[in-house]
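Coordinate analysis (summary)
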Amino acid sequence: MTQPEAHVFDDYREEGPLVSDVAARFAKIVGDANLLVGETIPPDYGHDEALTAVPQRPAYVARPRSAEEVAALLVCAGEHGVPVTARGSATGLSGAARPRPGGLVISFERMNAVLEIDADNHVAVVQPGITLADLDERTAATGLGYTVYPGELSATVGGNVGTNAGGMRAVKYGVTRHNVVGLQAVLPTGEIIRTGGKLAKISSGYDLTQLIIGSEGSLALVTEVTVKLHPRMPYGATVLAPFTSVDEVLRSVVKVIGSGLTPHILEYIDDRTLRAIGDQLDLDLGIRDAVRDSAAAYLMVALESRDKDRVQADVMELGGLLLDVGAMDAYVLEGTAAAKLVEAREKSFWTAKALGVDDIIDVVVPRAAMPEFLRRTEELVRSRDAVVAGCGHAGDGNVHLGLFCPDEEKRGRLLTEIFALGMELGGAISGEHGIGQTRSGYFLELEDPAKIALMRRIKASFDPAGILNPGILPAVEV
């Protein structure tokens, strides 16, 4: 593959004075059919899946086909002070894909190709608009796959990069930043750069790849991603273990990880959540009534291997370990039952949304601190006459909780206390959803001011005009 030259967007500049009609300039770059303006913009472009971010119709939606067109759009936006929001499938939960008033949405829906599958180097080179479902289908024949699954297969790889998405498989394979080795990105000033590549490691200058990952479209717009591919395991089984308390579930996690069994999914699900998703998906896991009535929470552990006998042996070892640490039972699920349970866990957000949840929390704390975090969170919630329920990536300390608290002012105070508790225990406000517009105020209030100041200096270096997702991360004043 050849590397494009920087500044190839010069072809799109006007000779002489700038055209006064911004829409006309945008249309010249992407074509009339790929620019939407004003009332012609469908409502879906005005929001992502954040529960508390009010939709905002942008002034323009452009659908570029190349990095060069993205560069030209950014140059034009910078010259006219138009704020820019990048958009993939808008499945995010923090408001990072919600546009600004009078702004431009750059939608990557047409940049959705798999450019290369390099089986020898175990990587794929893709455009940002490719969905996880399409990438999985394209790589299946190679026996390899991209292992970041944040719970929604209609999400795009570019969206994964923007928020450093994680998911259930992160306990074994890591989050997005562990699975992206190279980027092509467009700076807001129009330069097209490449970072990293098909490399197993690199130690040459600042790691710009990792700086851009998780920046929520506030530093640069990613136009190409080189992702790691991992071998697909042909055999697997899932074990579901009920416990009489959440503390017991979370303490068992240390034992599972210390056993050397290397699960690729290690989740806790509280009883409220499992009942809700089970009812909504008509999920029958064969749990005895006496056990279901006594269980406070469950541990879900999925194992995989190239060898069927190895899986069976690991399941037997795992079952014995869980019973030894206090599990009431250990249910071995294979095939359809296992797939349905994983699907149910992945759809827990939609279940919570259908039940009227008011907000979603994804605080991350050190794994060993999860019992204390959940215990103290429950105390805080009860003191505010609210309700919390949820599940989480027990293997990496990422807690996903649905908060039922309709009073907005009371909910804001409660969220501040919960986020402060997570940080007190050595954690962070968000483990994978990002800060976006819904968490920026809490971040500014609770984070180290020296770090905020540094972020603002980094933002200014990348984006001197401040056009990329202003206010999404607290790197600039809004």
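Data block above holds the structure.
What counts and how
Residues numbered from 1 in each chain as written. Predicted model: local features only at pLDDT ≥ 70, side-chain atom pairs only at ≥ 80, totals over all residues. Heavy atoms only, no water. Pairing = 2+ DSSP bridges. Helix = DSSP H or I, 4+ residues; strand = E, 2+ residues; numbered from the N terminus. Axes fitted to C-alpha atoms, helices over the stretch in contact; angles between N-to-C directions. Disulfide = S-S within 2.5 Å. Expected span 1.5 Å × (residues − 1). Buried < 20%, exposed > 50% of the residue type's maximum accessible area, 1.4 Å probe, protein only. Arc of directions from axis to C-beta. Contact = heavy atoms within 4.5 Å. Phe/Tyr/Trp six-rings, centres within 6.5 Å; stacked < 30°, edge-to-face > 60°.

Across the sheet, which stays open at both edges, the seven strands sit in the order S15-S12-S14-S13-S17-S18-S16 with antiparallel pairing between neighbours. Among the strands making up the open sheet, the edge pair consists of strand S15 (331-333) and strand S16 (359-361). With strand direction ignored, the average angle separating the axes of adjacent strands in the sheet is 20 degrees. Two strands pair when backbone bridges link them, and strand S13 (residues 265-270) and strand S17 (residues 387-393) are joined in this way by two bridges, in the antiparallel orientation. Among the inter-strand pairings, Ile 269 is bridged to a residue of S17, identified as Cys 391.

Moving on, we come to the state of the cysteines. Working definition: the covalent bond between the sulfur atoms of two cysteines is a disulfide. Using the criterion set out here, one finds zero disulfides in the structure. Among the cysteines around Cys 391, which has no disulfide bond, Cys 405 carries the closest sulfur, lying 20 Å off.

In this model, helix H11 (residues 308-324) (17 residues) spans 25 Å end to end at C-alpha, consistent with the 24 Å of a helix rising 1.5 Å per residue. Of the positions making up H11, those classed as buried are Val 311, Asp 314, Val 315, Leu 318, Gly 319, Leu 321 and Leu 322. Summarising the axial view, the buried residues of H11 lie within an arc of 165 degrees, below the 170-degree limit, and thus occupy one face. Exposed side of H11, more than 90 degrees from the buried face: Asp 309, Met 316 and Asp 324 are the residues found there. In the core, the buried residues of H11 are packed alongside strand S12 (235-243), helix H8 (246-258), strand S14 (297-305) and S15.

This paragraph deals with the packing of aromatic side chains. This structure, assessed with the given rule, holds three aromatic pairs. Considering the side-chain rings of Phe 349 and Trp 350, the 4.8 Å spacing of their centres and the 70 degrees angle between planes classify their relative orientation as edge-to-face.

Sheet strands pair by backbone hydrogen bonding; their relative direction is either parallel or antiparallel. With antiparallel pairing, five strands are arranged side by side in an open sheet as S5-S6-S10-S8-S9. The open sheet terminates on both sides in strands that have one partner only, identified here as strand S5 (114-118) and strand S9 (192-196). Each neighbouring strand pair of the sheet contributes to a mean axis angle of 15 degrees, computed without reference to strand direction. Two elements, strand S8 (residues 180-186) and S9, share five bridges in a ladder whose sense is antiparallel. Along S9, the bridge assignment pairs Leu 183 with Thr 195. The sheet strands contacting helix H2 (residues 67-80) are S8, S9 and strand S10 (221-228), and the helix crosses S8 at an angle near 50 degrees. Those strands touched by helix H3 (residues 132-139) are S5, strand S6 (123-126) and S10, and its axis lies near 40 degrees from that of S5.

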